[in-house]
Amino acid sequence: MELKAGHILYVRIDYKIDDQEETEQDGVAAMKYLESISEERYLVAGVFGDMDLGEMQGAMILFEAKNMEDAKALCDNDPLMKKGLYRYELYKWNMMIASR
C-alpha cells in the first residue's frame, strides 16, 4: 500500500490496566491477531517502554479500516482487549504529509 497525503488511517493507543497480569501466551495471541490483520490491510504496531527490561506500558497501532465501526471491531477482537488487560483510545487519523 502506498501512503499518500489525504489517506485516512486509524490509530489505536493502548494503555495497560495496572492490576492485570499479562502472560507470554497473551502477548503471543495478540501478536498473531495483529499479524493476521496485517496480511489483509496496512498495519504497523509498536510498544511503549523498554522491551529489554520487560517494561511495557502500552502500545500504538496505526492501521487501515473501512470506517470507525470496522476499526472498533478490529480493536475489540484483540485478545488483550477481550481479556481486559488493556484499554484503548481510537482515533481517525488524516494523513497530511507522507515521505517519498
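See the structure above.
Calculation notes
- Residues numbered from 1 in each chain as written.
- Predicted model: local features only at pLDDT ≥ 70, side-chain atom pairs only at ≥ 80, totals over all residues.
- Heavy atoms only, no water.
- 1 Å grid on protein atoms, 1.4 Å probe; cavity = no way out; pocket = protein on both sides within 12 Å on 5 of 7 lines; lining within 4 Å.
- Points joined across faces, edges and corners; volume = space filled by probe spheres on them.
- Helix = DSSP H or I, 4+ residues; strand = E, 2+ residues; numbered from the N terminus.
- Buried < 20%, exposed > 50% of the residue type's maximum accessible area, 1.4 Å probe, protein only.
- Contact = heavy atoms within 4.5 Å.
- Expected span 1.5 Å × (residues − 1).
- Arc of directions from axis to C-beta.
- Core = buried A, V, L, I, M, F, W, Y, C linked by side-chain atoms within 4.5 Å.

Caption draft 1: Examining the layout of surface pockets more closely. Considered as a void within the structure, the largest pocket measures approximately 330 Å³ in volume. Lining the largest pocket are 18 residues, and of these Glu22, Met31, Val47, Ala59 and Leu80 lie nearest its centre. If you list the elements that add at least two residues to the lining of the largest pocket, you get β1 (8-16), α1 (24-38), β2 (43-50) and β3 (55-63).

Caption draft 2: Spotlight on the environment of Asp19. Positionally, Asp19 belongs in the loop between β1 and α1. Judged by its relative accessible area of 62%, Asp19 is exposed. Between the alpha carbons of Asp19 and Leu85 there is a distance of 8.5 Å; along the sequence they are 66 residues apart.

Caption draft 3: Main features of the environment of Leu90. Relative to the helices and strands, Leu90 resides in strand β4 (residues 86-94). For Leu90, the contacting residues outside a window of four places in its chain are Tyr10, Val11, Arg12, Phe63, Met68, Ala71, Lys72 and Cys75.

Caption draft 4: Quick peek at α1. With 15 residues, α1 ought to run about 21 Å at 1.5 Å a step, and its terminal C-alpha atoms sit 21 Å apart, in line with that. For α1, the set of buried residues is Asp26, Gly27, Ala30, Tyr33, Leu34 and Ile37. Buried positions in α1, seen along its axis, are confined to an arc of 125 degrees and lie on one side of it. Among the exposed residues of α1, those pointing more than 90 degrees away from its buried face are Glu24, Gln25 and Lys32. Here the buried face of α1 lies against β2, β3, α2 (68-76) and α3 (79-82).

Caption draft 5: Spotlight on the nonpolar core. Ranked by size, the top nonpolar core spans 18 residues in total, and within it Tyr10, Leu34, Ile37, Leu43, Phe63, Ala71 and Leu90 carry the most contacts. Among the elements of the structure, α1, β3, α2, α3 and β4 are those that each provide at least two residues to this core. If you look at the next biggest cluster of nonpolar residues, it comprises five residues, including Leu9, Ile13, Leu62 and Met95.

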